[in-house]
Amino acid sequence: MSEDETAKLWKVNRTIHELVKDRGYQVSDDEINMDLTTFRSHYANSGGSVDRNQLNFFTNSRENPTDQIFIFFSDEKSVGVKTMRKLLGILEEKSIMRGIIIFPGNMTPSARKVIAAMSQQYRLEEFSEADLLVNITHHTLVPRHEVLTVEQKKQLLEKYRLKETQLPRIQLADPVARYYGLRRGQVVKITRPSETSGRYASYRICF
């Protein structure tokens, strides 16, 4: 594994910890703030290669300890059904209902079908390493997004006397929607700087 590859995994590891933290799960700041030298000493073997399996971790929600998520790094260039079965086996063994798989290349259509087929039982998400090299929510052009709770969404609709269909939309496949793991029907509050009022908030519903 080249130094470039190790540096790439260091960035991916940092972004996925930030993502999980931003979704309300417990994450150590040490993992987020770890520099490349420390990452290498923790995860690289004597030959300098990082075993992606060592990067796997699970954690629980800060508000609901029974809500757990498992992050699974695959070293398979093209993730197939076999790898998805392996992930599902781990989730079943640990009794965890949510999983994110991260892979260096791509995912086969049949592996994606597994995600859809298991969606009633497991909430599975997938990201390529390229998706996570940079945390898109840190980009200066991306405004602050906050996911509303069910109660906050209800209050919003009542306050402005709106129906869900009247809200502007954000697509399920939008990179920010994927970062926060939005599901259909969830609403995000988007806060932008405004020249006149300091800050300006708008709302979008995921569809």
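Residues numbered from 1 in each chain as written. Predicted model: local features only at pLDDT ≥ 70, side-chain atom pairs only at ≥ 80, totals over all residues. Heavy atoms only, no water.

Asker: Tell me about the overall build of the chain, residues and numbers included.
Answerer: On a plain count of helices and strands, the chain comes out with seven helices and 10 strands. Summarising its shape, the C-alpha atoms of the chain cover approximately 60 × 40 × 30 Å along the three principal directions. Among the 207 residues that make up the chain, the fraction classed as buried is 42%. Here the chain has roughly 12200 Å² of accessible surface; of this, 48% comes from carbon and sulfur atoms. Between the mean site of the 31 positive side-chain charges and the mean site of the 26 negative ones, the chain shows a separation of 8 Å. (Helix = DSSP H or I, 4+ residues; strand = E, 2+ residues; numbered from the N terminus. Buried < 20%, exposed > 50% of the residue type's maximum accessible area, 1.4 Å probe, protein only. Areas by Shrake-Rupley, 256 points an atom, 1.4 Å probe, with all protein chains shown as cover. Lys, Arg positive; Asp, Glu negative; His and termini not counted. Charge placed at Lys NZ, Arg CZ, Asp CG, Glu CD.)

Asker: How would you sum up the packing of helix α4 (residues 81-94) against helix α5 (residues 109-117)? Please name residues and give values.
Answerer: In the contact formed by α4 and α5, the axes pass within 8 Å of each other and the chain directions differ by 30°. Judged by the angle between their axes, α4 and α5 are roughly parallel. Together, V81, M84 and L88 of α4 and S110, A111, V114 and I115 of α5 make up the contact between the two elements. The residue inventory of the contact of α4 with α5, partitioned by class, reads six nonpolar, one polar and no charged. (Axes fitted to C-alpha atoms, helices over the stretch in contact; angles between N-to-C directions. Parallel < 35°, antiparallel > 145°, perpendicular 65-115°, else oblique. Contact = heavy atoms within 4.5 Å. Nonpolar A, V, L, I, M, F, W, Y, C, P; charged D, E, K, R; others polar.)

Asker: Tell me what's going on with the pairing of strand β4 (residues 98-103), and back it up with residues and numbers.
Answerer: Across the six residues of β4, five count as buried, placing the element largely inside the fold. Sheet topology places strand β2 (residues 68-73) next to β4; five bridges connect them, and they run parallel. Note on β4: the bridge partner recorded for I69 is R98. Judged from the six bridges that link them, β4 and strand β6 (residues 123-128) form a sheet pairing that is parallel. (Pairing = 2+ DSSP bridges.)

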